[in-house]
Amino acid sequence: MSNFIPGQPLVAVVQRIEIKKLRQGDNLILGFSIGGGIDQDPGQNPFSDDKADKGIYVTRITPGGPAETADLKMGDKIMQVNGYDMTMMTHDQARKRLTKKNEDVVRLLVTRKSLEEAVKNSMGGYQRQ
């Protein structure tokens, strides 16, 4: 983490999201797309402030789909899927982890900018001029 300041509390705000996959024939639909991964160019990620961040991000939400119903948001960074760490995966590994055929429910742990900002603001963080 490039914005870590020694002696300061580390702000990592996570939200648990449970998505029930929608079954369409043989397919299980999650209703969102991802970008990122350790094999991708992090400079192309529009959701990351840290252009060295190779995390997995939600890039698209299907309106009315299972992800939208579960309150997943565009720009959410996926930290875990069903207990598996997603922070050091390739794009393809992440996609496979999310689309396992034998899992009807996906439990995500995500971080969200708006959550981090709310916590920082509630901590009475001082504003540097």
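For every chain, the first residue of the written sequence is number 1, and numbering continues from 1 along that sequence. Given that the model is predicted, a residue must reach a pLDDT of at least 70 before its local features are reported, and side-chain atom pairs must reach 80 or more before they are shown or counted; all residues, however, enter totals for whole chains, interfaces and linings. Values reported for side chains reflect all heavy atoms of the structure, with hydrogen atoms and water molecules removed beforehand.

Points about the environment of Met74
In this structure, Met74 sits in the loop between α1 (66-69) and β6 (77-81). Residues Met74 and Ser33, spaced 41 residues apart in sequence, show a C-alpha to C-alpha distance of 9.1 Å. By the convention used here, residues are in contact when the closest approach between their heavy atoms is within 4.5 Å. Excluding anything up to four places from it in sequence, Met74 contacts Phe47, Val58, Thr59, Arg60 and Ile61. Secondary structure counts use DSSP, requiring at least four H or I residues in a row for a helix and at least two E residues in a row for a strand, with both numbered from the N terminus.

Quick word on the packing of aromatic side chains
Here a pair means two rings of Phe, Tyr or Trp (six-membered ring of Trp) with centres within 6.5 Å. Their orientation is stacked below 30 degrees between planes, edge-to-face above 60, and tilted elsewhere. Scanning the entire structure with this criterion turns up zero aromatic pairs. Whether a charge lies above a ring is judged from NZ of Lys or CZ of Arg, which has to be within 6 Å of the ring centre and within 35 degrees of the ring normal. Note that Arg97 overlies the ring of Tyr84, its terminal NZ or CZ placed 3.5 Å from the centroid.

Description of the pairing of β6
The side chains of a regular strand alternate between the sheet's two faces. By definition, two strands form a pair when at least two bridges between them are found by DSSP. As defined by bridge partners, strand β5 (residues 56-61) adjoins β6 across two bridges and the pair is classed as antiparallel. Bridging from a neighbouring strand, Ile56 pairs with Ile78 of β6. Alignment of β6 against strand β8 (residues 105-111), held across four bridges, turns out to be antiparallel. Opposite Val81, over in β8, you have Leu108 as the bridge partner. Pairing analysis gives two bridges linking β6 to strand β7 (residues 84-85), with the strands arranged antiparallel.

Digging into the side chain of Asn45
Here Asn45 is to be found in the loop between β4 (32-36) and β5. Throughout this description, buried means an accessible area under 20% of the type-specific maximum (1.4 Å probe, protein chains only), exposed means over 50%, and partly exposed covers the range between. Take Asn45: its relative accessible area is 8%, and that puts it in the buried class. Nitrogen and oxygen atoms within 3.5 Å of one another constitute a polar contact, given that in protein one can donate a hydrogen and the other can accept it, and given that sequence-neighbouring residues count only through two side-chain atoms. At 2.7 Å, the side chain of Asn45 forms a polar contact with the backbone nitrogen of Phe47. Once residues lying within four places of it in the same chain are set aside, the contact partners of Asn45 are Lys51 and Tyr57.

Concerning the confidence of the model for the protein
Each residue gets a pLDDT score, which is the predictor's confidence in that residue and runs from 0 to 100. On average, residues of the protein carry a pLDDT of 84, and 78% of them reach 70 or more. Highest mean pLDDT in the protein belongs to α1 (97); lowest belongs to helix α3 (residues 113-122) (66).

Description of the pattern of salt bridges
Salt bridge, as used here: a side-chain nitrogen of Lys or Arg that lies within 4 Å of a carboxyl oxygen of Asp or Glu. Taken as a whole and assessed by the stated rule, the structure comprises seven salt bridges. Across the pair Asp53 and Lys77 runs a salt bridge whose closest N-O atoms are separated by 3.2 Å. On the criterion of sequence distance, the pair formed by Asp53 in the loop between β4 and β5 and Lys77 in strand β6 is long-range, its members being 24 residues apart. Given the relative accessible area of 14%, Asp53 is considered buried. Across the pair Asp76 and Arg112 runs a salt bridge whose closest N-O atoms are separated by 2.7 Å. Linking Asp76 in the loop between α1 and β6 with Arg112 in the loop between β8 and α3, this pair joins segments that are 36 residues apart in sequence. Overall, Arg112 belongs to the buried group, its relative accessible area being 9%. Within this structure, Asp92, Arg95 and Lys96 form a network of salt bridges that share partners.

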